[in-house]
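Observations on the model geometry
Now for the letters of each chain:
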Amino acid sequence: MNTLSQLVGKNIRRHRISSGINQESLALMAEIDRSYMGRIERGEVNITVDKLYQICSVLQCEAADLLPSLDELGK
């Protein structure tokens with residue numbers, strides 16, 4: 001079973017790749033440390049809502065696009 005952090009990280013990675021942005025560029029544009037961005041995408045950390053919106057701003061998507069559904073969470 002995937003955790004919420006892992007699912008959010010996978011969604012961020014998917015949107016980043018589909019936007020043609022590499023991880024380092026996303027981190028720079030979102031003002032997040034590159035190594036922390038890697039940890040976010042791997043689901044190793046719980047990010048704040050502020051960080052989520054910084055990432056959304058760069059990826060030009062809504063926060064809901066990065067959050068998993070309840071079905072994905074197995075709830």
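So, here is what we can say about the structure in this document.

Criteria and cut-off values
Residues numbered from 1 in each chain as written. Predicted model: local features only at pLDDT ≥ 70, side-chain atom pairs only at ≥ 80, totals over all residues. Heavy atoms only, no water. Helix = DSSP H or I, 4+ residues; strand = E, 2+ residues; numbered from the N terminus. Expected span 1.5 Å × (residues − 1). Buried < 20%, exposed > 50% of the residue type's maximum accessible area, 1.4 Å probe, protein only. Contact = heavy atoms within 4.5 Å. Polar contact = N/O pair within 3.5 Å; in protein donor to acceptor, adjacent residues only side chain to side chain. Salt bridge = Lys/Arg side-chain N within 4 Å of Asp/Glu carboxyl O.

Section: helix H1 (residues 4-18)
An ideal rise of 1.5 Å per residue puts 21 Å on 15 residues; H1 measures up with 21 Å between its terminal C-alpha atoms. Taken as a whole, H1 has its buried residues at Ser5, Leu7, Val8, Gly9, Asn11, Ile12, His15 and Arg16. Looking at the buried residues of H1, the elements they touch are helix H2 (23-29), helix H3 (34-41), helix H4 (49-59), helix H5 (63-66) and helix H6 (70-73). After H1 finishes, the residue Gly20 shows a positive phi value of roughly 75°.

Quick notes on the side chain of Arg16
Following the sequence through the fold, Arg16 ends up in helix H1. On the accessibility criterion, Arg16 (10% relative accessible area) is buried. Side chain to side chain, Arg16 and Glu41 meet in a polar contact 2.6 Å long. For Arg16, the contacting residues outside a window of four places in its chain are Ile21, Asn22, Gln23, Leu26, Glu41 and Leu59.

Describing the side chain of Asn11
Mapped onto the secondary structure, Asn11 falls in helix H1. Ignoring anything within four residues of it in the chain, the contact list for Asn11 reads Asp65, Leu66, Leu67 and Pro68.

Notes on the pattern of salt bridges
Applying the stated criterion across every chain, the model contains four salt bridges. Residues Glu41 and Arg16 are paired through a salt bridge, measuring 2.6 Å at the closest nitrogen-oxygen approach. Pair noted here: Glu41 is in helix H3 and Arg16 is in helix H1, with a separation of 25 residues, a long-range link. Just as Glu41 is buried, Arg16 falls in that class too. A salt bridge links Glu44 to Arg42; the shortest N-O distance between them is 3.0 Å. By relative accessible area, Glu44 is classed as partly exposed at 46%. When its relative accessible area of 46% is taken as the criterion, Arg42 is described as partly exposed.

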